[in-house]
Amino acid sequence: MAEKTYNITCIVCPLSCEMRLMVKDGKIENIKGNRCRRGIDYARQEFYNPQRVLTTTVKLKGDRLPLLPVRTNKPIPRRMLKECVRYLSKIEVKAPVKLGEVIVSNILNSGANVISTKEVGSTGVYRKT
Ligand code: SF4
């Protein structure tokens, strides 16, 4: 039977515990190095279904800048990142755009919205928040 070990750094709190996962036949058998239960939950999530917040840009019209920075409002499965970036590369938004405005709702059925991380006005100048 195939046994492997993986090292994962817990990022749940600033202690950054270095954890070692013993994996057999694709299943976690043992986790060491965590100082609390949250580390186990994080390691399981990271091993079985890693998730990330996607940050990227979309095309912007009607402003002096050509791109609007955006991000997902929550982590999405890492395997969906490329597909979402490809989808967003075809999106074009028009200024003005508010900070936190939803640009794409429930992107590719991930359950996450893509939101603006800048407020831009139609005059070509960033609005102050
Ligand atoms: S395992 Fe617990 S103590 Fe260690 S970094 Fe994660 S949350 Fe913090």
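Residues numbered from 1 in each chain as written. Predicted model: local features only at pLDDT ≥ 70, side-chain atom pairs only at ≥ 80, totals over all residues.

## Things to note about the environment of Val 58
- Its location among the elements puts Val 58 in strand β5 (residues 55-61).
- In this structure Val 58 comes out as buried when scored by C-beta crowding, with 20 C-beta atoms within 10 Å.
- In this structure, the C-alpha to C-alpha distance between Val 58 and Glu 83, residues 25 residues apart in sequence, is 14 Å. (Helix = DSSP H or I, 4+ residues; strand = E, 2+ residues; numbered from the N terminus. Buried ≥ 20, exposed ≤ 12 C-beta atoms within 10 Å, placed from the backbone.)

## With respect to the sheet that holds strand β10 (residues 114-116)
- In space, the five strands of this open sheet follow the order β8-β5-β6-β10-β9, with mixed pairing throughout. This sheet does not close on itself; its edge strands, each paired only once, are β8 (92-94) and β9 (102-104). Neighbour-to-neighbour, the strand axes of this sheet turn through a mean angle of 45°, independent of strand direction.
- As paired elements, strand β6 (residues 67-72) and β10 share three bridges and run antiparallel to each other. For Arg 71, the partnering residue across the bridge sits in β10 and is Ile 115. (Pairing = 2+ DSSP bridges. Axes fitted to C-alpha atoms, helices over the stretch in contact; angles between N-to-C directions.)

## Notes on the nonpolar core
- Counting 13 residues, the largest nonpolar core has Val 58, Leu 60, Leu 68 and Val 93 as the members making the most contacts within it.
- Among the elements of the structure, β5 and β6 are those that each provide at least two residues to this core.
- Setting aside chain neighbours within four positions, we find Leu 60 in contact with Leu 65, Pro 66, Leu 67, Leu 68, Val 93, Ala 95 and Val 120. (Core = buried A, V, L, I, M, F, W, Y, C linked by C-beta atoms within 7 Å. Contact = placed C-beta atoms within 7 Å.)

## What to know about helix α1 (residues 37-48)
- Here α1 spans 17 Å end to end across twelve residues, near enough to the 16 Å set by a 1.5 Å rise per residue.
- For α1, the set of buried residues is Gly 39, Tyr 42 and Ala 43. Projected onto a plane normal to the axis of α1, the buried residues spread over an arc of 100° and lie on a single side. Away from the buried face of α1 by more than 90 degrees, exposed residues Arg 37, Gln 45 and Tyr 48 are located. (Expected span 1.5 Å × (residues − 1). Arc of directions from axis to C-beta.)

## Points about the site of the ligand
- In the vicinity of the ligand, the contacting residues are Cys 10, Val 12, Cys 13, Leu 15, Ser 16, Cys 17, Asn 34, Arg 35, Cys 36, Arg 38 and Gly 39.
- For the shell around the ligand, a count of residues per class yields six nonpolar, three polar and two charged. (Near = placed C-beta within 6 Å. Nonpolar A, V, L, I, M, F, W, Y, C, P; charged D, E, K, R; others polar.)

## Considering the pairing of strand β3 (residues 27-32)
- Counting buried residues along β3, only zero of its six residues qualify, which leaves the element largely exposed.
- Sheet topology note: the strand β2 (residues 18-24)/β3 ladder contains five bridges and is antiparallel. Among the inter-strand pairings, Lys 24 is bridged to a residue of β3, identified as Lys 27.
- Linking β2 to β3, which pair antiparallel, is a turn of two residues; within it Asp 25 sits at a positive phi near 50°.

On their own, these measurements won't tell you what the molecule is for.
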